[in-house]
Amino acid sequence: MTFAYSDIPEQTGRTAIVTGANTGIGLEIARGLARKGARVLLACRDADKANEAIEDIRSGPERADLAFLHLDLANIASVRQAAEEASHEERIDLLIDNAGVMMPPLDHATAGCELQFAVNHLGHFAFTSLLLHKLEQDGGGRVVVQSSLAHRGAGIDFDNLDAAKGYSKTQFYGQSKLANLLFAKELDRRLRASGSSVSAMACHPGIAQTEITRHFGPLGSVFGSVVGLALNSAADGALPALQAATDPAAEGGEYYGPYGLREMSGKRSGRAIASTKARDEALAKRLWDRSVELTGVDPDLAPA
């Protein structure tokens, strides 16, 4: 079965956090949830851009309940502070780990790790772990982790997480997206084993128009525009995350993506194909243990 915008159920009374919600796919995820009545926290690094996004969503016909949550995924102290602030919400039903960086010049963040791995994976690992108790509070909370087609063919080089032995933008991006998918699946396995009511799943946007290509230089904006016309717009790319977050039939541990040309585009979404490595439970466990070590945040969930 596939899923379209018209299938998104009413979300009134629910609260969602969307990371990286100030632009592109994240903005469209936030808009889609707000249009259905959810309270949405836009978890972003830049307050001005987040407030612009809030005004953009509020300019629509719906009365939106929106708030800015400061979150810098490259800074574990900021991650902890954001989780603490979010925990004061009356409830949290949905956490959509969408933010990311793509192919930047070499830089480092958490525990000296390369920036893409640190932001795309470690920051979300810590943020999610710190909010699991809140997602559990009212039963049935969901975690949705944004991966990418780039996870295919990628691996996790545990001996070079700081890029000291060499840096390839594309390889490190693929590694971070594989880590996202491994994390979502391992998190769901552990949640199920613990008897939790929270579920976790992953998604990807296909090849969609987004500002994540800003590190491509002058060609980035041209590439994004062409992608939006030929493959997926940002709104199209947001649909798999919205399915994972809201579809009553969506299942924990599953992976969702565009239901179109080789999962690159489509106006509907459905189950996507994860690589063999993304389904490697031993690799997922090793990544989990290393993530706890690097972030200093332990979700306290035993292996399944």
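All figures in this text were calculated on a predicted structure; none of them were measured in a lab.

J.: Let's hear about the overall build of the protein: which residues, and what values?
T.: Along the backbone of the protein there are 8 helices and 8 strands. Here the protein has a C-alpha radius of gyration of 17 Å; the compact-globule value for 304 residues is 19 Å, and the two agree. Summarising the internal contacts of the protein: among those between residues at least 6 apart in sequence, 75% fall at separations of at least 24. Element-wise, carbon and sulfur atoms account for 50% of the exposed surface of the protein, whose accessible area totals about 12,600 Å².

J.: I'd love a proper account of the sheet that holds strand 5 (residues 142-146), names of residues and values included.
T.: The 8 strands lie next to each other as 3-2-1-4-5-6-7-8, forming an open sheet whose pairing is mixed. With partners counted over all chains shown, the strands left at the sheet margins are strand 3 (65-70) and strand 8 (269-271), one partner each. Across this sheet, the average inter-strand angle for adjacent strands is 20°, counted without regard to direction. In terms of strand pairing, strand 1 (residues 15-19) meets strand 2 (residues 39-44) through 5 bridges, oriented parallel. Each residue of the ladder has a partner; that of Val-18, found in strand 2, is Leu-42. Across the sheet, helix 5 (residues 169-194) is in contact with strand 5, strand 6 (199-203) and strand 7 (255-258); its angle to strand 6 comes to roughly 160°. Docked against the sheet, helix 7 (residues 234-246) engages strand 4 (94-97), strand 5, strand 6, strand 7 and strand 8, running at close to 160° with respect to strand 5.

J.: Hey, could you go over helix 8 (residues 281-295) for me, with residue numbers and the actual values?
T.: Given 3.6 residues per helical turn, the α-helix brings residues three or four places apart onto the same face. If you check helix 8, its first and last C-alpha atoms are 21 Å apart, about what 15 residues at 1.5 Å a residue would give, namely 21 Å. When we look at burial in helix 8, the residues that qualify are Leu-283, Ala-284, Leu-287, Trp-288, Ser-291, Val-292, Leu-294 and Thr-295. Close packing links the buried residues of helix 8 with helix 3 (76-86), helix 4 (115-137) and helix 5. For helix 8, the side-chain oxygen to backbone nitrogen distance between the N-cap and Ala-282 is 3.0 Å, and the N-cap itself is Asp-280. At the exit of helix 8 stands Gly-296, carrying a positive phi of roughly 75°.

J.: Before we move on, could you go through helix 5 and cite the residues and values that matter?
T.: A rise of 1.5 Å per residue sets the reference length of helix 5, with its 26 residues, at 38 Å; its end C-alpha atoms lie 37 Å apart and thus fit the reference within 8%. When you tally the buried positions in helix 5, you get 20 out of 26 residues, the bulk of the element. Gly-195 sits one or two positions beyond helix 5 and adopts a positive phi of about 80°.

J.: Outline the packing of aromatic side chains, listing residues and values.
T.: Enumeration over the complete set of coordinates arrives at 4 aromatic pairs. Each ring, one from Phe-125 and one from Phe-183, has its centre 5.2 Å from the other, and the planes form 55°; the classification is tilted. Residue Phe-125 is located in helix 4, and its partner Phe-183 is located in helix 5; the two are separated by 58 residues in the primary sequence. We note that Phe-125, like Phe-183, is buried. Look at Phe-183 and you get buried, because its relative accessible area is 3%. Taken together, Phe-125, Phe-183 and Trp-288 form an aromatic cluster joined through their ring pairs.

J.: Requested: an account of the packing of helix 1 (residues 24-35) against helix 2 (residues 47-58), with residues and values cited.
T.: Running from N to C, helix 1 and helix 2 point in directions that differ by 40°, and their axes come no closer than 10 Å. Between helix 1 and helix 2, the angle falls in the class oblique. Crossing of helix 1 over helix 2 shows right-handed handedness. On helix 2, the residues touching Leu-27, Ala-30, Arg-31 and Ala-34 of helix 1 are Ala-53, Asp-56 and Ile-57. The residue makeup of the contact of helix 1 with helix 2, split by class, is 5 nonpolar, no polar and 2 charged.

J.: I'd love a proper account of the confidence of the model for the protein, names of residues and values included.
T.: The predicted model of the protein has a mean per-residue pLDDT of 93, with 93% of residues at 70 or higher. Residue range residues 222-229 is modelled with pLDDT below 50. Its contacts to residues more than four positions away, or to other chains, number 11 contacts.

J.: Before we move on, could you go through the environment of Leu-115 and cite the residues and values that matter?
T.: Note on placement: Leu-115 falls in helix 4. As for Leu-115 and Gly-100, which are separated by 15 residues in sequence, their C-alpha atoms are 9.8 Å apart. Those residues within four positions of Leu-115 in sequence are excluded, and the remaining contacts are Ala-74, Val-101, Pro-104, Asp-107, His-108, Ala-109 and Asn-120.

Conventions used here
- For every chain, the first residue of the written sequence is number 1, and numbering continues from 1 along that sequence.
- In keeping with the predicted nature of the model, local features appear solely for residues at pLDDT of at least 70, side-chain atom pairs appear and are counted solely at 80 or more, and the whole-chain, interface and lining totals rest on all residues.
- Neither water nor hydrogens contribute to the side-chain values; these are computed over all heavy atoms in the structure.
- Helix and strand assignments come from DSSP, with helices taken as H or I runs of at least 4 residues and strands as E runs of at least 2, each series counted from the N terminus.
- In this treatment the radius of gyration is a C-alpha quantity, and the globule benchmark scales as 2.2 Å times the residue count to the 0.38 power.
- Here, residues are in contact when the closest pair of their heavy atoms is within 4.5 Å.
- Accessible areas in this description were obtained via Shrake-Rupley with a 1.4 Å probe; residue shielding takes into account the shown protein chains only.
- Note: two strands are recorded as paired if DSSP finds a minimum of 2 bridges between them.
- Lines fitted to C-alpha atoms define the axes here, with helix axes fitted over just the stretch in contact, and angles between the N-to-C directions of these axes take values from 0 to 180 degrees.
- By this rule the span expected of a helix is its residue count minus one, scaled by 1.5 Å.
- Throughout this description, buried means an accessible area under 20% of the type-specific maximum (1.4 Å probe, protein chains only), exposed means over 50%, and partly exposed covers the range between.
- Polar contacts, as counted here, are pairs of nitrogen or oxygen atoms within 3.5 Å of one another; within protein the pair requires one atom able to donate a hydrogen and one able to accept it, and residues that are adjacent in sequence qualify only if both atoms are side-chain atoms.
- Any two rings among Phe, Tyr and Trp, with Trp reduced to its six-membered ring, count as a pair given centres within 6.5 Å; such a pair is stacked if its planes are under 30 degrees apart, edge-to-face if over 60, and tilted if neither.
- An angle counts as roughly parallel when it lies under 35 degrees, as roughly antiparallel when it exceeds 145, as roughly perpendicular when it falls between 65 and 115, and as oblique in every other case.
- By convention, the crossing between two helices is left-handed when the near helix turns anticlockwise from the far helix through less than a right angle, and right-handed when the turn is clockwise.
- In this classification, Asp, Glu, Lys and Arg are treated as charged, Ala, Val, Leu, Ile, Met, Phe, Trp, Tyr, Cys and Pro as nonpolar, and every other residue, Gly included, as polar.
- You can read pLDDT as the predictor saying how much it trusts each residue, on a scale of 0 to 100.

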